[in-house]
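# Geometric and topological summary
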Amino acid sequence: MSNRYTIVESVGSATQSVMSFEDLEKHHPSSGQEAGRDYETIDGDFEEIRKTADGRTLIKKDFVLLINGSNTSVPVPCPVSGYVKTKTAYGTVSIYDSPGGKLLGQVLHLNTAFKVKDGDFVEYGQAVGIQSGTGPAGTVSYAIHAHVELEKSQFVKYIADIVSGTITPNTGASGNSSGNEPPFQFPIRKADGSHYQVAEIYKELEKETSGHYLLGNHGFWHGGLHFSERSVPHCMTKQAIRCMADGEVVAYRLNKDYLTSNFQGETECSNLRYSTSFCLVRHTYESAKRPPEKKEKPKIEWPGRVVRLSSSRNARDVAGKNLG
């Protein structure tokens, strides 16, 4: 497989090369303004759009990805990092900032043998499916192409990264190319490697008999959560525990064997096993730079009185007055 995409689009009977977002025509350029669709003028250009639930604007565009001049069997790179939800109708992959969260973007008309599963976190540039022409019934109804919906700033970046070779068919995006990477992930995953939804995490925790947050079984403060073979047995054999966010490992300890301790109960003495293994990770948060503040020059104001000095014989009386 070639290590480079090229982008073209169909306008009427002509095929045009695409070298930037600005080269892309309005969605369905030959159809004018179609009934039942939403449009808006963005930065002077008339665009078909989708309004998200929280009021943001996604621009819709069609184009064709080629590898070695062919549009068949072409993987479509994810246009923005996030958690995915797939739908057979129109071969749709929707990307959210968190499971069930804000819609960040969509790719439509993919082959329904998607390369991702619901709940997966997908990196920017990672293949989400094969370019196709899937229609409303989940079967091929249109010519092969990619339909992408994104906010404009991310769309500009996406097209530029494909054209420049930052995003490639073989390796996806090189480097940290997306500004929409999630701030965290759950430390555990399902047996098949997919991400848990929040409600599913709570359901798993109901199986645990101890180690709850915020209060433990004995009514004392407990600042963490316990996952064991009761709730996630697959994490003992199939899925590793993952770091919840990017960071730097500061220290760790890994016990070769469990430690033991004798616990004297009311009726018997038990030999308990425990672990002191840990991994300490330092995370860095960088807040947005605050705009410079305009500060007035410092000044001091105080009340004063004017004292008229008339002659030396009055000086003693003047000096005795309180001038403050």
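Residues numbered from 1 in each chain as written. Predicted model: local features only at pLDDT ≥ 70, side-chain atom pairs only at ≥ 80, totals over all residues. Heavy atoms only, no water.

### Notes on the overall build of the protein
Our working definition: A run of H or I in DSSP counts as a helix once it spans at least four residues, and a run of E counts as a strand once it spans at least two, with each numbered from the N terminus. Per-residue accessibility, obtained with a 1.4 Å probe over protein chains only, is compared with the maximum for each type, and a residue is labelled buried under 20%, exposed over 50%, and partly exposed between these values. We call two residues in contact whenever any of their non-hydrogen atoms come within 4.5 Å of each other.
When its secondary structure is counted, the protein shows three helices and 21 strands. Taken over 324 residues, the protein has a buried fraction of 33%. For the protein, restricting intrachain contacts to residue pairs at least 6 apart in sequence, the fraction spanning at least 24 positions comes to 54%.

### Considerations on helix H2 (residues 198–205)
Formally: Each direction from the helix axis to a C-beta atom contributes to the arc, which is the arc of those directions.
By the burial criterion, the buried members of H2 are Ile201, Glu204 and Leu205. For H2, the angular spread of buried residues about the axis comes to 100 degrees, placing them on one side. Those residues of H2 that are exposed and aimed more than 90 degrees away from the buried face are Ala199, Tyr202 and Lys203.

### Description of the nonpolar core
To be explicit about the condition: Only buried residues count toward a nonpolar core, which is a set of Ala, Val, Leu, Ile, Met, Phe, Trp, Tyr and Cys residues joined through side-chain atoms within 4.5 Å.
Core analysis: the biggest nonpolar cluster contains 35 residues, and Ile7, Phe63, Leu65, Val93, Phe155, Tyr158 and Ile159 have the highest contact counts within it. Of all the elements in the fold, those that place two or more residues in this core are strand S5 (57–66), strand S8 (92–96), strand S9 (103–108), strand S13 (140–150) and helix H1 (152–164). Top contributing element to this core by residue count: H1, with five residues. Apart from the residues lying within four places of it in its own chain, the contact partners of Ile7 are Gln16, Ser17, Val18, Phe63, Val64, Leu65, Ile159, Ile162 and Val163. Grouped together as the second largest cluster of nonpolar side chains are seven residues, Phe186, Tyr196, Ile201 and Leu205 included.

### Notes on the pattern of salt bridges
Applicable threshold: Here a salt bridge means any side-chain nitrogen of Lys or Arg lying within 4 Å of a carboxyl oxygen belonging to Asp or Glu.
Evaluated as defined, the whole model comprises 16 salt bridges. A salt bridge links Asp118 to Lys85; its shortest N-O distance comes to 3.4 Å. Placement of the pair is Asp118 in the loop between S9 and strand S10 (121–122) and Lys85 in strand S7 (residues 82–87), with a sequence separation of 33 residues. Across the pair Asp161 and Lys157 runs a salt bridge, and its minimum N-O distance is 3.7 Å. Of this pair, Asp161 and Lys157 both sit in helix H1, four residues apart, roughly one helical turn.

### A word on the environment of Pro99
Here Pro99 shows up in the loop between S8 and S9. Between the C-alpha atoms of Pro99 and His195, which are 96 residues apart in sequence, the distance is 8.5 Å.

### Describing a nonpolar patch on the surface
For clarity, the threshold we go by: Put simply, a patch holds well-exposed residues, over 30% relative accessible area, that have no salt bridge, with like charges counted together within 9 Å and Val, Leu, Ile, Met, Phe, Trp or Tyr side chains within 5 Å. Note on areas: these come from Shrake-Rupley sampling with a 1.4 Å probe, and a residue is covered only by the protein chains present in the view.
A contiguous nonpolar patch, built from Tyr213, Leu214, Leu215, Trp221 and Leu225 and spanning about 580 Å² of accessible area, is present on the exposed surface. Secondary-structure assignment places Tyr213 in the loop between H2 and strand S16 (214–215).

### Quick word on the packing of aromatic side chains
Heads up, the condition is: Any pair of Phe, Tyr and Trp rings, taking the six-membered ring for Trp, is counted once the centres come within 6.5 Å. Such a pair is stacked with planes under 30 degrees apart, edge-to-face with planes over 60 apart, and tilted for the rest.
Tallied over the entire structure, the rule returns five aromatic pairs. When the ring of Tyr213 is compared with that of Trp221, the centres are 6.0 Å apart and the planes differ by 70 degrees; the resulting orientation is edge-to-face. Comparing Tyr213 with Trp221, the two get one shared label, exposed.

### Some thoughts on H1
Since there are 3.6 residues in each turn of an α-helix, residues three or four apart along the chain are aligned in direction. Our working definition: A helix's residues, less one, multiplied by 1.5 Å, set its expected span.
In this model, H1 (13 residues) spans 18 Å end to end at C-alpha, consistent with the 18 Å of a helix rising 1.5 Å per residue. When H1 is considered as a whole, its buried residues turn out to be Gln154, Phe155, Tyr158, Ile159, Asp161, Ile162 and Val163. Buried-residue contacts for H1 involve strand S1 (6–11), strand S2 (14–18), S5, strand S6 (75–77), S13 and strand S14 (167–168). In the segment just after H1, Gly165 is the residue with positive phi, at about 90 degrees.

### Some thoughts on the side chain of Asp120
By the secondary structure assignment, Asp120 is in the loop between S9 and S10. Those residues within four positions of Asp120 in sequence are excluded, and the remaining contacts are Gly82, Tyr83, Val84, Ser194 and His195.

### Some details on the environment of Val122
One can find Val122 in strand S10. In this structure the C-alpha to C-alpha distance between Val122 and Gly82, which are 40 residues apart in sequence, comes to 5.5 Å.

### Side note on the environment of Phe184
With respect to the helices, strands and loops of the structure, Phe184 is situated in the loop between strand S15 (172–173) and H2. Residue classification places Phe184 among the partly exposed residues on the basis of a relative accessible area of 42%. Non-local contacts of Phe184, meaning those with residues more than four positions away in its chain, are made with Tyr83 and Met244.

### Describing the confidence of the model for the protein
What counts is decided by this rule: Every residue carries a pLDDT, the predictor's confidence in it, which falls somewhere between 0 and 100.
Residues with a pLDDT of 70 or more make up 88% of the protein, whose mean pLDDT is 84. For the protein, per-element mean pLDDT is lowest for helix H3 (residues 315–319), which scores 51, and highest for S8, which scores 97. Counting interchain partners and residues more than four positions distant, the pLDDT-below-50 stretch residues 174–181 has 17 contacts.

### Comments concerning the pairing of strand S20 (residues 269–274)
On a regular strand, each side chain points to the face opposite its neighbour's, so the side chains alternate between the two faces of the sheet. As a reminder of what qualifies: Two strands form a pair only when DSSP identifies at least two bridges running between them.
Relative to S20, strand S19 (residues 259–264) runs antiparallel, the two sharing six bridges. Residue pairing for S20: Asn262 is matched across the bridge by Asn271. Taking the residues that link successive antiparallel strands as the turn, the S19-S20 hairpin has four residues.

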